[in-house]
Amino acid sequence: MIELGKTQCLNIVKKTDFGVYLGTEDDKVLLPKKQVPQDVEIGDALTVFVYKDSSDRLIATTNTPKVQVGQLAKLKVCEVSSIGAFLDWGLEKNILLPYREQTTHVEPGKEYLVALYIDRSQRLAATMKVSKYLETDSNYVKDSAVTATVIGIKQDHGIYVAVDDRYYGFVTRNEMQDDIKIGDTLYGRVIKVREDGKLTISIHQKAYIQMDEDSSMIYKAIVENGGKIDFNDKADPEVIKKHFNISKNAFKRAVGRLLKEGKIQIEQDSIVLK
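Just so you know, these numbers come straight off a predicted model, no measurement behind them.

(A) Representation of the overall build of the protein chain in the model. Summing up its helical and strand segments, the protein chain has three helices and 18 strands in all. Whereas a compact globule of 274 residues would reach a radius of gyration of roughly 19 Å, the protein chain reaches 26 Å, over 25% beyond that. If one aligns the C-alpha atoms of the protein chain with their principal axes, the spans along those axes are about 85 × 40 × 35 Å. Long-range pairs, those at least 24 residues apart, make up 53% of the contacts in the protein chain with a sequence separation of at least 6. Summed over its atoms, the accessible surface of the protein chain is roughly 15,700 Å², and 46% of this surface lies on carbon and sulfur atoms. Averaged over its 40 positive side-chain charges, the protein chain has a centre that lies 4 Å from the centre of its 40 negative ones.

Below is the structure:
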């Protein structure tokens, strides 16, 4: 049986002036002449990918696409039209990402994580709704470093991610940041492997490592601002988050580190270099 959207090995059942037919007499697909290897004969087996041409007919190709049915891949947007976006998936005819399958506004030239599926009209299409395609059998353990792509954001819940663009992961609400968007790449560590295999991810380092990074960032900012910032560790949490994108507690820990090291001085409404 010929499978749409997959690479498969099929036998030649008929030769014509415009190519060869692969499969069986009752179920066959055309491989165009320009892709037919030399000196092939009826009965020979060829490895091909099966998709549909612009006339909605099954067609075979010896080229390998960047994604197949049920798989995930990051594809670049070539064009945005009235029906959706067209993505480069490695074949002559770009693949459609319908508007209803987009989870955020997509832009030409940018890459997005998608899965390939067969729609109700039996056509191949891409979707950004990839959660059901993610696996839960990774080899990651607690504290493993991971790279993940953001696939969904719920303000009252957290951030859904695809670890290695393959495994199901989640960043809890208390680690959410305003500047994180769908499609962003996050770097973090596993803080929990759930019983169902899903990964809970932290995008912060362990406290002592994070404190080093935060204190270095704050010190650099003070230097670049002429040796002073116009608020101290008693500032409103929103002011701190706006300037450094960290919590007030993290800010106080980092400032305490700098104070202990003798690098700064805390004044009534500011922090200055010593």
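(B) Seen up close, the sheet that holds strand S17 (residues 264-266). One open sheet holds the three strands; their spatial order is S16-S18-S17, and the pairing between them is antiparallel. The open sheet has two edge strands with one neighbour each: strand S16 (228-229) and S17. This element, helix H3 (residues 248-260), spans S16, S17 and strand S18 (271-273) of the sheet and lies at about 120 degrees to S17.

(C) Up close: the side chain of aspartate 214. Of note, aspartate 214 is situated in helix H1 (residues 207-224). It is arginine 253 that comes nearest to the buried, bridge-free aspartate 214 among opposite-charge side chains, at 5.9 Å. In this structure aspartate 214 touches Ile246, Ala250 and Ala254, once residues within four positions along its chain are discounted.

(D) Region of interest: unusual backbone geometry. A positive phi is found at aspartate 56, a non-glycine position, where the angle reads about 70 degrees. Position of aspartate 56 relative to the elements: it lies in the loop between strand S4 (45-52) and strand S5 (58-61). Positive phi, normally seen in glycine, also occurs at aspartate 143, with a value near 80 degrees. Structurally, the position occupied by aspartate 143 is in the loop between strand S10 (124-127) and strand S11 (145-154). A residue is classified by how much of its surface remains accessible, and aspartate 143, at 35% relative accessible area, is partly exposed.

(E) Representation of the pairing of strand S8 (residues 95-98) in the model. Pairing of strand S7 (residues 84-88) with S8, which is carried by four bridges, proceeds in the antiparallel orientation. Considered in S8, the bridge of glycine 84 is made with proline 98. The loop that links S7 with its antiparallel partner S8 comprises six residues; one of these, glycine 90, has a positive phi angle of about 95 degrees.

(F) Representation of the pattern of salt bridges in the model. Applying the stated rule across the entire model yields 14 salt bridges. Across the salt bridge formed by lysine 181 and aspartate 184, the nearest N and O atoms sit 3.7 Å from each other. Of the charged contacts, one joins lysine 228 and aspartate 230 as a salt bridge, the two residues approaching to 3.9 Å between their closest N and O atoms. What makes aspartate 230 exposed here is its relative accessible area of 60%.

(G) Spotlight on the sheet that holds S8. One open sheet accounts for five strands, arranged S8-S7-S6-S9-S10; its pairing is antiparallel. Taken across any chain shown, the strands that pair with only one partner, and hence form the sheet edges, are S8 and S10. Neighbouring strand axes in the sheet, compared pairwise and without regard to direction, differ in orientation by 55 degrees on average.

(H) Looking closely at the packing of aromatic side chains. By the definition in use, this model includes 10 aromatic pairs. On the basis of an interplanar angle of 85 degrees and a centroid distance of 6.4 Å, the ring pair of phenylalanine 18 and tyrosine 21 is categorised as edge-to-face. With a centroid separation of 6.5 Å and 90 degrees between ring planes, the pair formed by tyrosine 140 and tyrosine 167 is classed as edge-to-face. One end of the pair, tyrosine 140, is in the loop between S10 and S11; the other, tyrosine 167, is in strand S13 (residues 167-172), with 27 residues separating them in the sequence. Through pairs of rings, three or more aromatic residues link up here, namely Phe49, Tyr51 and Trp89. Here lysine 198 stacks its cationic end above the ring of tyrosine 168, 4.2 Å away from the centre of that ring.

(I) Layout of the environment of leucine 87. Considering the arrangement of structural elements, one finds leucine 87 in strand S7. In this structure leucine 87 touches Leu75, Lys76, Val77, Cys78, Asn94, Ile95, Leu97, Val114 and Ala126, once residues within four positions along its chain are discounted.

(J) How the structure looks around the nonpolar core. Counting residues in each nonpolar core, the largest one holds 40 residues, and the members touching the most others are Leu87, Trp89 and Val161. Other than its neighbours up to four places away in sequence, valine 161 contacts Leu134, Ala148, Thr149, Val150, Ile151, Tyr167, Tyr168, Gly169, Phe170, Val171, Leu186 and Ile201. Counting 15 residues, the second largest nonpolar core, distinct from the first, contains Phe231, Ala250, Leu258 and Ile271.

The rules behind each value
Think of each chain on its own: its residues are numbered from 1, step by step along the sequence as written. Per-residue local features are limited, in this predicted model, to residues with pLDDT of at least 70; the limit for side-chain atom pairs, both in listing and counting, is 80 or more; totals at the level of whole chains, interfaces and linings are taken over all residues. Hydrogen atoms and water are omitted, and side-chain values are computed over all heavy atoms in the structure. Elements are defined by DSSP. Helices are runs of H or I of four residues or more, strands are runs of E of two residues or more, and each kind is numbered from the N terminus. The atom set for the radius of gyration is the C-alpha atoms, and the globule formula is 2.2 Å times the number of residues raised to the power 0.38. In this analysis, two residues are considered to be in contact whenever any of their non-hydrogen atoms come within 4.5 Å of each other. Working definition of accessibility: Shrake-Rupley area with a 1.4 Å probe, residue cover restricted to the visible protein chains. His is not counted here, nor are the chain ends, while Lys and Arg score as positive and Asp and Glu score as negative. A charged residue contributes its charge at one atom only: NZ of Lys, CZ of Arg, CG of Asp or CD of Glu. Strands are treated as partners if at least two bridges between them are detected by DSSP. All axes are obtained by fitting lines to C-alpha atoms, using only the stretch in contact for helices, and the reported angles, taken between N-to-C directions, cover 0 to 180 degrees. For the exposure calls, accessible area comes from a 1.4 Å probe over protein chains only, and a residue counts as buried if that area is under 20% of its type's maximum, exposed if over 50%, partly exposed in between. The working definition used for a salt bridge is a side-chain nitrogen of Lys or Arg within 4 Å of a carboxyl oxygen of Asp or Glu. Each Phe, Tyr or Trp ring, with Trp reduced to its six-membered ring, pairs with another whose centre is within 6.5 Å; inter-plane angles below 30 degrees give stacked pairs, above 60 give edge-to-face pairs, and intermediate values give tilted ones. Should the NZ of a Lys or the CZ of an Arg lie within 6 Å of a ring centre and within 35 degrees of the ring normal, that charge is described as sitting over the ring. In this text, buried Ala, Val, Leu, Ile, Met, Phe, Trp, Tyr and Cys residues form a nonpolar core when linked through side-chain atoms within 4.5 Å.

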